[in-house]
Amino acid sequence: LEARFHSPQLGKEAIGRVYNLGVGGMLLESPYDLPIQEPVSLEFLSFEKLPPLKMLGYPVQAKREGTMKLVGIEFRDLSAEQLDLLSRYLKKLLKASWS
């Protein structure tokens, strides 16, 4: 799964790979440093015909892994609609991993 993200301090959009997605957050592989606790606009790119999911995430930890950074991002205050769509993404990803 890939996500488009934008941090005001970064000043540009980028795309990163999503790992360990859950209801409370995710691990994002990013080519850029993201400031801890500064909100990041996230959009999951459509997966298996699901609509794009947009939300805010808050980086809570980061570490360098070669040329990339692995950033732990926490989700806060998701609306019922965002939570429902996130659940649909999780179900599709789980089904895909068991196929």
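This text gives an overview of the structure that appears in the document. (Residues numbered from 1 in each chain as written. Predicted model: local features only at pLDDT ≥ 70, side-chain atom pairs only at ≥ 80, totals over all residues. Heavy atoms only, no water.)

1. Looking at the layout of surface pockets
Of the pockets and cavities examined, the largest pocket occupies roughly 150 Å³. Along its surface, the largest pocket is lined by Leu1, Val18, Tyr19, Asn20, Leu21, Leu90, Leu93, Leu94 and Ser97. Only β2 (13-22) and α1 (80-98) provide two or more residues apiece to the lining of the largest pocket. Among the residues making up the lining of the largest pocket, the classes are represented as 7 nonpolar, 2 polar and no charged. (1 Å grid on protein atoms, 1.4 Å probe; cavity = no way out; pocket = protein on both sides within 12 Å on 5 of 7 lines; lining within 4 Å. Points joined across faces, edges and corners; volume = space filled by probe spheres on them. Helix = DSSP H or I, 4+ residues; strand = E, 2+ residues; numbered from the N terminus. Nonpolar A, V, L, I, M, F, W, Y, C, P; charged D, E, K, R; others polar.)

2. Details of unusual backbone geometry
The bulk of non-glycine residues show a negative phi, and the bulk of peptide bonds are trans. For Asn20, which is not a glycine, the phi torsion comes out positive at approximately 50 degrees. Tracing the backbone through its elements, the reader meets Asn20 in strand β2. When its relative accessible area of 64% is taken as the criterion, Asn20 is described as exposed. The backbone phi angle of Asp77 is positive, close to 55 degrees, even though this residue is not glycine. By the secondary structure assignment, Asp77 is in the loop between β6 (68-75) and α1. (Buried < 20%, exposed > 50% of the residue type's maximum accessible area, 1.4 Å probe, protein only.)

3. Observations regarding the nonpolar core
Soluble, globular proteins show a tendency: their nonpolar side chains are buried together. Ranked by size, the top nonpolar core spans 24 residues in total, and within it Leu21, Met26, Phe44 and Phe75 carry the most contacts. Sort the elements by how many residues they give to this core and α1 lands first, with 4 residues. Contact partners of Met26, with chain neighbours within four places excluded, come to Val18, Tyr19, Asn20, Leu21, Leu42, Phe44, Val71, Gly72, Ile73 and Phe75. (Core = buried A, V, L, I, M, F, W, Y, C linked by side-chain atoms within 4.5 Å. Contact = heavy atoms within 4.5 Å.)

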